[in-house]
Structures are given as structure tokens and as C-alpha cells.
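What follows is each chain in one-letter form.
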Amino acid sequence: MLAFILRRLMQSTGVLFVMSLLVFFGVYAIGNPVDILVNPNADQQDIARAIAELGLDQPLYLQYWHFLTSALSGDLGRSFSTGIPALELIFQRMPATLELAAASMAIAIVFGIPLGLYAGLRPESKLAKGIMAGSILGFSLPTFWVGLMLIMVFSVWLGWLPPTGRGDTVDLFGVPVSFLTLDGWTHLLLPATNLALFNLALLIRLTRAGTREVMVQDYIRFARAKGLSDSRIIGVHVLKNIMIPIVTIVGLEFGSVIAFAVVTESIFAWPGMGKLLIDSINQLDRPVIVAYVLLIVLMFVLINLVVDVLYSLLDPRIRLADSGGTR
Amino acid sequence: MTAAAASGRPPLLRVEGLCTGFPSRAGMLHAVDGVDFSLDRGEILGLVGESGSGKSVTGFSILGLVDPPGRILGGRVLLDGVDLAALDEPARRAIRGKRIAMIFQDPMMTLNPVLRIDTQMIEAVTAHEATGTAQARERARAALVQVGIAAPDERLLAYPHQLSGGMRQRVAIAIALVNRPDVIIADEPTTALDVTIQGQILHEMQALVRESGTALVWITHDLSVVAGLADRVCVMYAGRIVESGPVDAVLDAPRHPYTRGLIDSVPAMNPRGRPLAQIPGNAPSPVDLPPGCTFRARCSRAIERCGDMPPLEAPADEGGGGGDGTRARTVRCWNPVPLPAQGSR
């Protein structure tokens, strides 16, 4: 197991290196940040000084070399526009995004798995058909439109929930969080729901398909023949068998939700990393973009690793390669 | 067993006029159509038939485990005189696995692949009794020893995929035995196994049943298994019992042409070199069963009267009548195979 984890982490450094290369040169190719950053009234001397200050007068390979050497010591550079270290900027925004992502995954899991189970156990019922029809909407309606509709209905017409911002936050271990205050909850609910809809639909369909597949297996009939209660059969025998695809999707989607909450964060003016990324791209703020992408890659690598480890816990037939086990 | 019948005590398990059907587009499919039999403690009943004859559905119907939309259409399943079909689901669940246990055909599929053996055995105990886990575990261990599993402590911690097919079927049998049920319904439990393992398991099951007084319904398509194992046999065809009686009597002197055909189809009973006898045609589709005797179209002894459904009764030349109709030698045929001449066997 340990060997497996170490191997995976080593592979991931290769991925990180390639990604940094791609993004670094990619952003360079888009345009010159100095054109955006410098005051339009600045003279040639000011511009030259700004270029020198940002290190943009050096050849590109040298710029990358400087980036790489300082990155190895944990310094991913300073934002061109604010001068604040890129990592610090991202970490300031990260709690908001993590909170939003966690809340949306929680909504998707808490509603998706029971609804999917119901639809799988009673596939002919009207409610099950309604759930499945609803899940198609969850897949197909675009996030930005649903977000706008949520604001329209719950904030503008009904006036129940605030449309934007994070609301009151409380420090939990030095990290500001919204979910411990009532005001924070009301702010969190709409964007989290909006972000959850796609995954909710996905989990419903996945759980339903898995349930239908497992329910006709002989071991379920055998469990019945043992006289087990329905709750034991569904809660243990069925659920444990359908958990593997669910864990995969939850893991991968959690990563996606963090990385691509951009649209939802923009609509609800949620002060998270996604909004930071959009602003940075607009300003061609290369250090922030590179740092953001690298962090996201690292996160995906870690999530995949956790998912793989969870597999081996859920399904005894799966053994992690190179685990050095005896059987 | 005759003693029990004579004393007037109801048999342990009695199935009366059991009908189970599956609704389909073409109407109700009668998978089981009026099956009667009874069973006493310590008795082994062989339920023999081809695929689709309704023998497995009979087993599932007794436990109330027919897959929806299939359902029991009529008849009674009496366990010690109590009609199981009339019980509500919680009451039936309390009987399943506790008083009537079942063993399935394919040991590769009957154990849940993601749960350890101990989990699956202990839950079978705790589903019916408020026993502590440690005590249930001890019972599970004892059951594994009973079915001849070496190193039971190690096996308890194993997952199903770490065990061989024969071992898994033994675990399934141990699960069936763990609550000391009154009746075990075994649905072709040795079909998927090697012949050597099959022999061992048959032998062990027979010993276990004798020793504990458990009644056993052994569902199979294999007459040779029934010959060595069962006390009595019921032959099923197209959802009905066509012949029943003590195993030796039925196998030595089959009266129904279908039973005769089944016996002749067993290669071991065929003289060497002679082409193997076979029953012409196929089993009828349950969607449109022909009127009258369902075997008529494939029967060499069919007569005009076979257009009416014959009753299941004692053949006239074996004394007729007698018994309570579910235990005696009975055959469902207007023109039964004649008894072999004296001394020919």
C-alpha cells in the first residue's frame, strides 16, 4: 500500500512539471501583461522599468528557470498586478471555494443516493419516473441559467435568500467559514444548490443503475432467504456493492466542483478561487494562473489517490498494484 | 413417517394446490400449477424435473420469495399446520432462514462478494435471535465445522472470492444450518460443482439431515442424485407433479411415460452401444399449454382420453386409493407404463 502511494506521488510530480510548462508558455503566448498593467499615460521609460521589475525582460527559458527553481522552494511567484505572493492570494480564497464545493457535494450525496435507491427499488412507481425525469433536467439545464433562475425566484420574487456574497463568517481554526452562522447558511444555500444539481442528477442515475443491477443478483435473494430485514439488505448488501462507482464519481466530481466552480462563483459573486482565476486571466496575471492550475492538478492527483485507497477498502477483490501483499 | 401420518399429527411441511404465476403480455404464465406434497422430519424429498418445469419456483414459493411481478395465485403452504401464504411479510421473514432455509444453485453467486464470511453468517443468526455477536460467531464457527470446513476461524475472516466453489457451497450450507431449521430447500446445490465435491456434499447433507431431523427438499434435474439421496421423489412436468412415490419404487418401476423417458435419458442406465433414448420434442411453453395432459404431444402412449387432464392418483393396478393422496405412490396418467413383469428386475 505504502509503495503504491509513493509511486503515485512520484508520477504526479511528472504531471505537475508538464502542466507548469504548458501553462507558463501558454499564458506567455496570449499577450503581454505589461500592456494591461501599466498606466496608459506611462512613458517608454516607465514601461521598461515595469518590465524589468517583473522579470519579463529576460528570455522566456530563463524566466521559466527562475520560476522552477523558486517553485521547488515553495515560492510560486508574486502576482503581477498586486505584488502579493500567488499562493497567498489563492489560499485566501480557497476556504470559500472548498466550503461551497463541500456543501454542494453534501447536497448531491444526501439527496442523490436515497432518491437513486428509491428509483432503483421501485422502478415502476410514478415517483421513481418523476425522479428520473427530473434528473435529466439536472443534466441538461445550463448552470448559469439555473443560477440566474434561482436568484430570480428565491431572492427577487420570494425574497427568502440573499443573491450574492458569503454573509457572516466565523473563524474555525483560523479559517473563515460561513456554515456556522445562520446568515452564512442563507448565503451558501443558493450557490451550493446550483453547483450540486449536475452531481445530484449524476448520483441519482448512478445509484439507480447500480441498485437495479444488484437487486437481481442471487446473493440478494440469498440474503432474503436468510430472513434479513429490508433495511439490512438495502443498507448493507446493496449499498456496499454499489459504493464503488459512487465513490469514484464523488471523488472526481469533488475535484471538478472545486476547480470549475467558476460559473457559479461569478453568478453569485462568491469570493472563491474561481473568481480569482477569472480576474487573473483577464489581467494575464501569469504567476497566479500557473499557481492555480498546479494546485488543481495536485488536488486531482490526491483525490484520485484517496479514491483508489477507498476502493481497496470497499471491495476486497481489488488489490492495489505493487502493494507487496502476500495473497 | 407412516407412523406420523397414522398418529394424525400434521406433517411438518405440507404443500396443497400451490399455484404460482408470472403475468406477461400473453397472459398469466402458470409456472407452478397445483402442486401437492408433504414432508416429515428427517425426510428427504427429491423434486425432479427439466428446466422450466417449475421446480425452483416451487421452492421459492414455499419461502415466499417469488420475484415480482410473479406471485402465488393459490394454494397453501402449511408448516406445522400454519399457512405461510396467509402470513404477513414480517411473520414470513421470521420463518425464512430460521425454520425454513434455502440453498441455491450457484455458489459463486450466493455469497455477497464484498462482505466477509463472518459478517454473512453472523447476520443470519442475529436476524432471528437477540444473540450477542460473540455467541453468534461461535455458532457460525460450529456450523462451518459441521459442514466439514477445515480451519474455520481463518475461513470466517475470508471474503468469498478467496474460497473455492465447493468451499463456498459449504459455507452456504453452513449458513442454512446455522439456525437449525426444520426444513431446508436445496435448489440444485451441487449442479455447479465437480463430481467429487458433489459426492462429498451429498453424503454430508444426508448425514446432517439424518442426525438433526431436518427435512430436506432437494430440487434437481439429476435422477442419479435423487436415487442415492432421497426417500421419496416427485417428478414435475410443466408446473405439475406427474408422478410421486418412494424413490426406489418410482425409479425401478416408473409409471408415467415422462418419468420413464427421463430414466432412459440417463447415459449410465443405457446399455453400451445402443443409441441413447431421448424424449422427442421440447417441454411445452407455459404461455399456451395444450389442453389435457401437457405431455401428450411428446408421449408414445398417448390415447384419446389424454385430451382431458388426468388426476394425480394411485395407479389402479397398485391398489388404487389409499394414503392421504400426498404420500402414496401416485401418477398423473390415463395410460400408465405397465408394471415390469415379476422377476425381470
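## Section: helix α8 (residues 182-215) of chain A
Phase 1: Helix length check: α8 of chain A (34 residues) gives 41 Å between terminal C-alpha atoms against 50 Å at 1.5 Å per residue, more than 12% under.
Phase 2: The largest bend in α8 of chain A is about 45°, located at leucine 197 of chain A.

## Regarding the pairing of strand β3 (residues 44-48) of chain B
A regular strand places its side chains on the two faces of the sheet in alternate fashion.
Residues and elements named next belong to chain B.
Phase 1: With 5 of its 5 residues buried, β3 lies for the most part within the structure.
Phase 2: Alternating positions in β3 separate into two faces, Ile44, Gly46 and Val48 on one and Leu45 and Leu47 on the other, with burial throughout.
Phase 3: Two strands pair when backbone bridges link them, and β3 and strand β8 (residues 215-220) are joined in this way by 5 bridges, in the parallel orientation. The residue bridging isoleucine 44 from the neighbouring strand is leucine 216, located in β8.

## A look at unusual backbone geometry
All names here are of chain B.
Phase 1: A cis amide bond links proline 68 to the next residue, proline 69, at an omega of 5°.
Phase 2: Mapping proline 69 onto the fold places it in the loop between α2 (55-63) and β4 (71-79).
Phase 3: At arginine 180, a position not held by glycine, the phi torsion is positive, near 45°.
Phase 4: As for its position among the elements, arginine 180 is in the loop between α8 (165-177) and β7 (183-187).
Phase 5: Of note in this structure, glutamate 188 is not a glycine but carries a positive phi near 45°.
Phase 6: Relative to the elements of secondary structure, glutamate 188 occurs in the loop between β7 and α9 (195-212).

## Observations regarding the domain arrangement of chain A
Residue and element names in this part refer to chain A.
Phase 1: Looking at the assigned domains, one finds that chain A contains domain 1 (1-81 + 283-327) and domain 2 (98-276).
Phase 2: Using only C-alpha atoms to locate each centre, domain 1 and domain 2 end up separated by 30 Å.
Phase 3: At the interface, 14 residues of domain 1 touch 14 residues of domain 2.
Phase 4: Buried surface at the junction of domain 1 and domain 2, summed over both partners, amounts to about 1200 Å²; 79% is from carbon and sulfur atoms.
Phase 5: Contact with domain 2 buries area across many residues of domain 1, yet Tyr292, Phe300 and Leu314 alone supply 41% of it, more than any other trio.
Phase 6: In this assembly, domain 1 and domain 2 are joined by 0 salt bridges.
Phase 7: Between the two partners, domain 1 and domain 2, sit 0 residue pairs in polar contact (both at pLDDT 80 or more).
Phase 8: Of the residues in the side of domain 1 that touches domain 2, the class split is 12 nonpolar, 1 polar and 1 charged.

Calculation notes
- Residues numbered from 1 in each chain as written.
- Chains lettered and ligands numbered in written order.
- Predicted model: local features only at pLDDT ≥ 70, side-chain atom pairs only at ≥ 80, totals over all residues.
- Heavy atoms only, no water.
- Helix = DSSP H or I, 4+ residues; strand = E, 2+ residues; numbered from the N terminus.
- Expected span 1.5 Å × (residues − 1).
- Bend = angle between axes of the 7 residues up to and from the residue.
- Buried < 20%, exposed > 50% of the residue type's maximum accessible area, 1.4 Å probe, protein only.
- Pairing = 2+ DSSP bridges.
- Domains from an automatic or database assignment.
- Contact = heavy atoms within 4.5 Å.
- Buried area = accessible area lost by both parts, 1.4 Å probe.
- Salt bridge = Lys/Arg side-chain N within 4 Å of Asp/Glu carboxyl O.
- Polar contact = N/O pair within 3.5 Å; in protein donor to acceptor, adjacent residues only side chain to side chain.
- Nonpolar A, V, L, I, M, F, W, Y, C, P; charged D, E, K, R; others polar.

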